[in-house]
Amino acid sequence: MRAHEAGALHGQAGDRGPAWLRRPDDVDALVPQLWARNVSKVDGVVTVAGESVTDLAEEFGTPLYVLDEDDFRTRARAFRDAFEGCEVYYAGKSFLCVATARWVEEEGLSLDVCTGGELAVALRAGFPPERLALHGNNKSVAELRRALEAGVGRIIVDSLEEIDRLVALTAETGREAAVMVRVTAGVEAHTHEYISTSHEDQKFGFSIADGAAFDAVSRIVAAQRPDGGGLRFLGLHSHIGSQIFVADGFEVAARRVLRLHARIIEELGVVPPEMDLGGGFGIAYTTQDDPRSPAELADSLLGIVHAECRALDVAVPHLSIEPGRAIVGPTTFTLYEVGTVKSVGLDGGASRRYVAVDGGMSDNVRPALYSADYSCTLASRRSEAPAVLSRVVGKHCESGDIVVKDEYLPGDVAAGDLLAVPGTGAYCRSLASTYNHVPRAAVVAVRDGEARLILRRETEDDLFALDVG
Ligand SMILES: Cc1ncc(COP(=O)(O)O)c(C=O)c1O
Ligand SMILES: N[C@@H](CCCC[NH3+])C(=O)O
């Protein structure tokens, strides 16, 4: 992620805006790498899999998350095929509902859930429990009990308390718990601090450097019962962060995790059969982002692991990965209706054009939370008007309620126009709030010319249902 400071304002002579913006004379075109595969413009109108956004807005209202189902399935399959022989867990935190859980199942992937709520959605979708992994840095006894009773395939242990809870629960229920141990490799991932998860000073996992990871594994191995039951140690788990483009963080982490893996074999006399390298693969939000394909990622990750296993003289464990954003992120765009357009005078005679839409930080908090950059396009008509550098903002009572910080839009954009923001499939609906009592937006999946509601829009009655005062 890049935190850009855009100095380019409407009215400043010769200013072409930040480097990631399209040329102002090219403003009508879609930049293919930012959009789902079945999205195009027909006479200026954005269409997805044969459905126009004008029809979608009329039928489902705005703001609306529009998901290209075929693109989701294709990306899921691409990971499955590229990582053949490994397990691919879709990270449900990026976006999970019954429909997406079913697509993941049908495409042959497994599923990572990180709370009792996500587990409940997966079970409701009929997802095979043995293909579920339960994450979380503070799993409650109730969440662990439910996972054991449902027959969840693996639990990724994140604290000593959790080990004790599992020892007690397995004894009480007579069920076995297959566990991995989440470790922190001490890697500074090249991403925003808040979505970096493997440096030393943060809440996830057990540190390799200070010995906590080895101690946690020792405790689990000591708790294994020769007759089965109790805890069964599957291996180590490492996840270094999210929206990462460069391989060096994965490389350093894989080396450190594999060294610990080798130490476990040598000192504890057990061969962990598996290893999970987590997710975190970056996607394109602007033209400056240059993501790797699943095949390139597989090449580099598997190459690192195989080389390191050779060097350590250990067998390659059965590997798994957990991509979320890279599967669902690019499949979705958010459709908004413009409500107001305002030109604000700035020092030096320049002005900034604010285009306000009918959603904002309640449907995409990522710009406010991580200074995340997005792009957008006029979606409902063609325009020949000269482009104007614009800031797209939401309707919330916060000045940080920015949807797209800088984008060229036709100068005649006005109330009633539709705007589409691509790349909103991951961590937008899943992080959505009802701030200012704005009901959460609907998600519609489009496939072969048919639009299907997969999450309905929240209503005022839904909001009132909680207010028991
Ligand atoms: C343990 C774990 N696995 C997988 C993911 C998915 O990450 P991403 O959506 O960036 O692929 C996350 C989120 O960062 C995570 O914490
Ligand atoms: N919510 C973050 C990703 C968090 C990943 C989960 N550990 C984002 O939007 O980028």
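Given the structure is predicted, the values throughout are model-derived calculations rather than measurements.

### Some details on the overall build of the chain
Piece 1. Check the secondary structure of the chain and you find 12 helices and 21 strands.
Piece 2. What you see for the chain is a C-alpha radius of gyration of 24 Å, in line with the 23 Å of a compact globule of 469 residues.
Piece 3. In terms of overall dimensions, the chain has C-alpha extents of about 75 × 50 × 40 Å along its principal axes.
Piece 4. Each of the 469 residues in the chain was classed as buried or not, and the buried ones make up 55%.
Piece 5. Considering only contacts within the chain whose residues lie at least 6 apart along the sequence, 70% involve residues at least 24 apart.
Piece 6. Counting only carbon and sulfur atoms, one obtains 48% of the accessible surface of the chain, whose full area is about 19,200 Å².

### Some points on the UniProt feature "binding site: substrate" (unreviewed entry) in the chain
Piece 1. Mapped onto this numbering, the UniProt entry annotates "binding site: substrate" (unreviewed entry) at R325, R366, Y370, E398 and Y427. A maximum C-alpha distance of 26.8 Å is found for the annotated residues, which run over 103 residues; spatially they are spread out rather than grouped.
Piece 2. Along the polypeptide, R366 turns up in helix α11 (residues 366–370).
Piece 3. With relative accessibility at 1%, the residue R366 sits in the buried group.
Piece 4. Relative to the helices and strands, Y427 resides in the loop between β19 (418–422) and β20 (442–447).

### Digging into the pairing of β19
Piece 1. Burial analysis of β19 places five of its five residues in the buried class, which makes it a mostly covered element.
Piece 2. On β19, burial covers both faces: L418, A420 and P422 on one face and L419 and V421 on the other are all buried.
Piece 3. Where strand β14 (residues 332–345) lies against β19, five bridges are found, and the strand directions are antiparallel. Across the sheet, residue Y336 finds its bridge partner in β19, namely L419.
Piece 4. As judged from the two bridges shared by strand β16 (residues 377–378) and β19, these two strands associate in the antiparallel manner. If you follow L378 over to β19, its bridge partner there is L419.

### Looking at the pattern of salt bridges
Once the charged atoms of two side chains with opposite charge are near each other, the side chains can pair.
Piece 1. Here the structure, examined in full by the defined rule, presents 27 salt bridges.
Piece 2. D164 serves as the salt-bridge partner of R219, at 3.2 Å between the closest nitrogen and oxygen. Within this pair, whereas R219 is found in helix α7 (residues 212–223), its partner D164 is found in helix α6 (residues 160–173), the two being separated by 55 residues in sequence.
Piece 3. Of the residues examined, R219 reaches a relative accessible area of 36% and is grouped as partly exposed.

### Let's talk about the site of ligand 1
Piece 1. In the vicinity of ligand 1 there are 15 residues, among which H239, S242, E322, R325 and Y427 approach most closely.
Piece 2. Side-chain polar atom of H239 to an oxygen atom of ligand 1: 2.7 Å apart, as the coordinates give it.
Piece 3. Residues that form the shell around ligand 1 fall into these classes: three nonpolar, seven polar and five charged.

### Considering the UniProt feature "binding site: pyridoxal 5'-phosphate" (unreviewed entry) in the chain
Piece 1. Here, UniProt's "binding site: pyridoxal 5'-phosphate" (unreviewed entry) annotation points to G280, E322, P323, G324, R325 and Y427.
Piece 2. With respect to the element layout, G324 can be found in the loop between β13 (318–321) and α10 (325–328).
Piece 3. Look past the residues within four positions of G324 in its chain and what remains in contact with it is Y90, A91, S94 and G329.
Piece 4. Residue position: R325 is located in helix α10.

### Digging into unusual backbone geometry
Piece 1. Residue P63 follows T62 across a cis peptide bond; omega there is -10 degrees.
Piece 2. With respect to the helices and strands, P63 occurs in the loop between α1 (53–60) and β4 (64–68).
Piece 3. A positive phi angle, close to 45 degrees, is found at A49, a residue other than glycine.
Piece 4. Residue placement: A49 occurs in the loop between β2 (45–48) and β3 (51–52).
Piece 5. What makes A49 buried here is its relative accessible area of 17%.
Piece 6. Unusually for a residue other than glycine, N436 sits at a positive phi of about 60 degrees.
Piece 7. Note on placement: N436 falls in the loop between β19 and β20.
Piece 8. What makes N436 partly exposed here is its relative accessible area of 37%.

Thresholds, definitions, all that
Residues numbered from 1 in each chain as written. Chains lettered and ligands numbered in written order. Predicted model: local features only at pLDDT ≥ 70, side-chain atom pairs only at ≥ 80, totals over all residues. Heavy atoms only, no water. Helix = DSSP H or I, 4+ residues; strand = E, 2+ residues; numbered from the N terminus. Rg over C-alpha atoms; globule rule 2.2 N^0.38 Å. Buried < 20%, exposed > 50% of the residue type's maximum accessible area, 1.4 Å probe, protein only. Contact = heavy atoms within 4.5 Å. Areas by Shrake-Rupley, 256 points an atom, 1.4 Å probe, with all protein chains shown as cover. UniProt positions renumbered as here; feature names shortened; annotations may be inferred. Pairing = 2+ DSSP bridges. Salt bridge = Lys/Arg side-chain N within 4 Å of Asp/Glu carboxyl O. Near = heavy atom within 4 Å. Polar contact = N/O pair within 3.5 Å; in protein donor to acceptor, adjacent residues only side chain to side chain. Nonpolar A, V, L, I, M, F, W, Y, C, P; charged D, E, K, R; others polar.

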